[in-house]
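Results of the structural survey
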Amino acid sequence: MAQELPDPAPLPADEAVPPAMIKADLAAGIFFVVLATATLVGSWTMDRLEARRINPMTAPGLVPGLLSAALLVCGIILTLRSLRIPAPEGWRDLGRAIISSGAQRAGAVLVLTLIYSLVLVGLLPFWLATGVFVFAFVLVFEAWLAAPRQPLLRTLPWAFGLAVVTAAVVTLVFERLFLVRLP
Amino acid sequence: MFDGLGLLANGISHFLNPISLFNIVWATLLGIVIGALPGLTATMGVALLVTLTYKMAPDQAILVLMCIYSGAIYGGSRTAILLAIPGTPASAATTLDGHPLALQGKAGLAMGLATTSSALGTVIGIVALALIAPLLAEAALKFGTYEFFWLALFGVIISGQLTAMDDPLKGYMAGIVGLLVAMVGMETLHAHQRFTFGIASLGGGVDLIPAMVGAFGFAEILGVMKRTAQARIVSSSDRVVPKLGEVFKYWKTIIRSGLIGTFVGIVPGVGEDVGAWASYAAAKRASKEPHMFGRGSQEGLIAAETGNSAVVPGAMIPTLTLALPGSAAAAVLIAAMFIHGIRPGPLLMTESPETLYQIVAVLLFSTLAILVLGLTLTKPLLTVLAVPRERLMAVVYVLCVVGSFAITQRLFDVYVMVGFGIAGFILREMKFPMAPLVLGIILGDLLDLNLRRGLLLTNGDPSPFFTRPISAVICGVIIVTILMSIPAVSKRVRALLPSARAQSPGQG
């Protein structure tokens, strides 16, 4: 009767911070310090509308200035905190995470989606752009970046069918049923 | 009191017609499917559906969006139990006990318990919504410009504190970045263009819907496609409809979790995931069998599901009465309400009191629909889970593009969606929460306008911000919240409170 109980899954707070995350925090901290400084300068130099004799405490740059000052403080804290925690091999781990197969898959999504939304939409009719995108997306992720890869002959009909159906249904439903103009 | 009951009866009868009932059924079912599909979250579903409901009558549009929202929060439990992947972030706590139950051959029981406890959680939240919202709306009429400034700041701070898991600093930073994004474009006090860099499309600022579709849609697609491992569906053969005794044995847990979920919902920008974790942690502390938690505890499953579902009506309380979104999905609902000419806020109960009770009625109907659909459509929902994500995500991205384009018909909004998607993905990978960022975008204008308007009224004197009673209280809460998030301070305070030391901080 002694049934083996599975180990309880850890609650999110139980996990220790990996070294790669500490270095990622350092990079993020520096990025936010730069961003906050730029915004602070932008807010300080923003037109204070003195010619319109507005109350100086209501100048448009007041709130962005306060917010960027707060972001600057947070950025400095994040940077200093990441510098203080030892993270052996942190940069190497972070580099490995950036060139991992997972990140490559995300990169492939990014390339496909950017080509679709920045180049194809607007250049081709929407239904054609959508069909091409769906076809390419399914093909890339089923026949190339999948583990195990699907045979091309099995993926092709699916990719083509889904592309045609998506292009037709999205165009018809939005333009005819919901009366929305498509890009 | 009787006025309220009368309005509620009106709200219910308002939707007792074939078109509304049809909309309730399909929208709840679509919500369940969206929630069940990993990579499609409640917030994303609501954001994408705003486009589809654009041409509907306001009451039907809100009905559809509310049904999608509550359906999706429930639908996530199906995936959590059968695949060990939370269908939406709200079901992460459900995975801990739901999946072990499924592995023990009790998948049907787990799904049945999840369905009934979701329904009960929503009912507890609905009662709170119907009772608290009118009172809060009345109290909110006393709020002036000073109080609204603090409320907006409080919303961002508390959301940052509670959604960032164990690192509030990142939550605050996400919130501040959101507020800064809201600063882009024409400000409303002096009509001055800020940070537009000569780009005409930025003059109107960054629209919330494309930003949300990016941060919750495109970013999610990138996150889902990054993973290589495919999960296996656990088969279920046992009975799905639970015995009443199995559910009501844990009535204390249900009521406790429902109340915790509702409270978490009321807190601005803190959503269903925190509601589920907080209820789960409380149930574990109070349970007679805490060692079973994480190993297939029915009580844990009930706590998580009641907790996350009660957040939905709870989140509508500040959303409707203060226009402070109680969760990320509620932020989209605010944007949708504005599109349809409904103005949430303290004046809602004066301008259109029927709206609140219509929303209560919609939630009641969608709960019924969840109960019926969830307990009957076990097999069809199983086939939904088998859809390969490679095919699904391609279609979802097309919907993201259409969804962000359709409202104002500008390609610029598609670029905003892409930008927020990429930034959202990177920030999420670095454990920055998205909810405070979104809350910042929606509350930025409120914060900016009320601070400077307050200073204009007093000719530059900031003292009313600290001396008016309600302002002083909210300001005090903000200061304590920030101080307590500094490890050195909270450690010393905890050392002074012996009872707090015994308890683990829990999640949320």
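Residues numbered from 1 in each chain as written. Chains lettered and ligands numbered in written order. Predicted model: local features only at pLDDT ≥ 70, side-chain atom pairs only at ≥ 80, totals over all residues.

Let's shift gears to the overall build of chain A. Helix and strand counts for chain A stand at 6 helices and 0 strands. Each helix and strand of chain A, ordered N terminal to C terminal, gives the series α-α-α-α-α-α. Taken over the C-alpha trace, chain A has a radius of gyration of 26 Å; the compact-globule value for 183 residues is 16 Å, which it surpasses by more than 25%. Reported as C-alpha extents along the three principal axes, the dimensions of chain A are approximately 65 × 65 × 40 Å. Across the 183 residues of chain A, 32% fall into the buried class. Taking all contacts inside chain A whose residues are at least 6 apart in sequence as the whole, residues at least 24 apart take part in 69%. (Helix = DSSP H or I, 4+ residues; strand = E, 2+ residues; numbered from the N terminus. Rg over C-alpha atoms; globule rule 2.2 N^0.38 Å. Buried ≥ 20, exposed ≤ 12 C-beta atoms within 10 Å, placed from the backbone. Contact = placed C-beta atoms within 7 Å.)

Let us look at the overall build of chain B. Broken down by element type, chain B carries 24 helices and 2 strands. Taken against the 2.2 N^0.38 rule, which gives 23 Å for 508 residues, the C-alpha radius of gyration of chain B at 22 Å falls within 12% of a compact globule. Oriented by its inertia axes, the alpha-carbon framework of chain B measures out at about 70 × 55 × 55 Å. When contacts within chain B are restricted to residue pairs at least 6 apart in sequence, those whose partners lie at least 24 apart make up 78%.

An ideal rise of 1.5 Å per residue puts 21 Å on 15 residues; helix α8 (residues 168–182) of chain B measures up with 21 Å between its terminal C-alpha atoms. α8 of chain B sits mainly inside the fold: 15 of its 15 residues count as buried. (Expected span 1.5 Å × (residues − 1).)

Turning our attention to the confidence of the model for chain B. In this model, chain B carries an average pLDDT of 89, and 97% of its residues clear a pLDDT of 70 or more. Complex prediction metrics read pTM 0.88 and ipTM 0.89. (pLDDT = per-residue confidence, 0-100.)

What follows is about the interface of chain B and chain A. Facing 57 residues of chain B, the contacting portion of chain A comprises 61 residues. Only α3 (42–52), α5 (92–103), α8, α9 (208–226), α18 (389–406), α19 (411–429) and α20 (435–457) of chain B provide two or more residues apiece to the side of chain B that touches chain A. For the side of chain B that touches chain A, the leading source of residues is α18 of chain B, giving 10 residues. A breakdown of the residues in the side of chain B that touches chain A according to their chemical character gives 36 nonpolar, 9 polar and 12 charged. (Nonpolar A, V, L, I, M, F, W, Y, C, P; charged D, E, K, R; others polar.)

Next up on the list: the nonpolar core. Grouped together as the largest cluster of nonpolar side chains are 219 residues, with contacts concentrated most on Val46, Leu65, Met212, Ala331, Val332 and Val438 of chain B. When residues are assigned to domains, this core turns out to be shared by domain 1 (17–97) and domain 2 (101–177) of chain A, each giving three or more. Each residue touching Met212 of chain B, except ones within four places of it in the same chain, is listed here: Thr43, Ala47, Ala331, Val332 and Val438 of chain B. (Core = buried A, V, L, I, M, F, W, Y, C linked by C-beta atoms within 7 Å. Domains from an automatic or database assignment.)

As a further point, take the domain arrangement of chain A. Size of an interface: often given as the accessible area lost when the parts come together. The domain boundaries assigned to chain A delineate domain 1 (17–97) and domain 2 (101–177). Look at where the C-alpha atoms of domain 1 of chain A and domain 2 of chain A centre, and you get two points 38 Å apart.

Glancing now at α3 of chain B. All names here are of chain B. For α3, the buried fraction is high: 11 of the 11 residues fall into the buried class. Those residues of α3 not exposed but buried are Ala42, Thr43, Met44, Gly45, Val46, Ala47, Leu48, Leu49, Val50, Thr51 and Leu52. Where the residues of α3 are buried, they touch α2 (18–36), α4 (58–83), α9, α14 (328–339) and α18.

A few words now on the environment of Ala103 of chain A. On the secondary structure map, Ala103 of chain A appears in helix α4 (residues 101–123). Ala103 of chain A gets classed as partly exposed once you count the C-beta atoms within 10 Å, which come to 15. Along the backbone, Ala103 of chain A and Phe126 of chain A are 23 residues apart, and their C-alpha atoms lie at a distance of 29 Å. Excluding its chain neighbours within four sequence positions, the residues that come into contact with Ala103 of chain A are Ala97 and Ile98 of chain A together with Lys226 of chain B.

For any two helices packed against each other, the geometry is given by the interaxial angle and the distance between the axes. Following both chains from N to C, one finds α4 of chain A and α9 of chain B inclined at 140°, their axes separated by 8 Å at the closest point. One finds that α4 of chain A runs oblique with respect to α9 of chain B. α4 of chain A and α9 of chain B meet at a crossing whose hand is right-handed. Contacts from Gly102, Ala103, Arg105, Ala106, Val109 and Leu110 of chain A of α4 of chain A reach α9 of chain B at Ile221, Leu222, Met225 and Lys226 of chain B. Partitioned by chemical class, the residues of the contact of α4 of chain A with α9 of chain B number 7 nonpolar, 1 polar and 2 charged. (Axes fitted to C-alpha atoms, helices over the stretch in contact; angles between N-to-C directions. Parallel < 35°, antiparallel > 145°, perpendicular 65-115°, else oblique. Left-handed = near helix turned anticlockwise from the far one by under 90°.)

Attention shifts here to unusual backbone geometry. Residue and element names in this part refer to chain B. Although it is not a glycine, Ala191 sits at a positive phi angle of roughly 55°. With respect to the helices, strands and loops of the structure, Ala191 is situated in the loop between β1 (185–186) and β2 (193–194). With 9 C-beta atoms packed within 10 Å, Ala191 lands in the exposed category. A positive phi angle, near 65°, is found at Lys431, a position not held by glycine. By the secondary structure assignment, Lys431 is in the loop between α19 and α20. By the C-beta count within 10 Å, which is 18 here, Lys431 ends up partly exposed.

Take the environment of Phe218 of chain B next. Residues and elements named next belong to chain B. If you trace the backbone, Phe218 turns up in helix α9. A tally of 29 C-beta atoms within 10 Å means that Phe218 is categorised as buried. Considered as a pair, Phe218 and Leu483 are 265 residues apart in the sequence and their alpha carbons are 35 Å apart.

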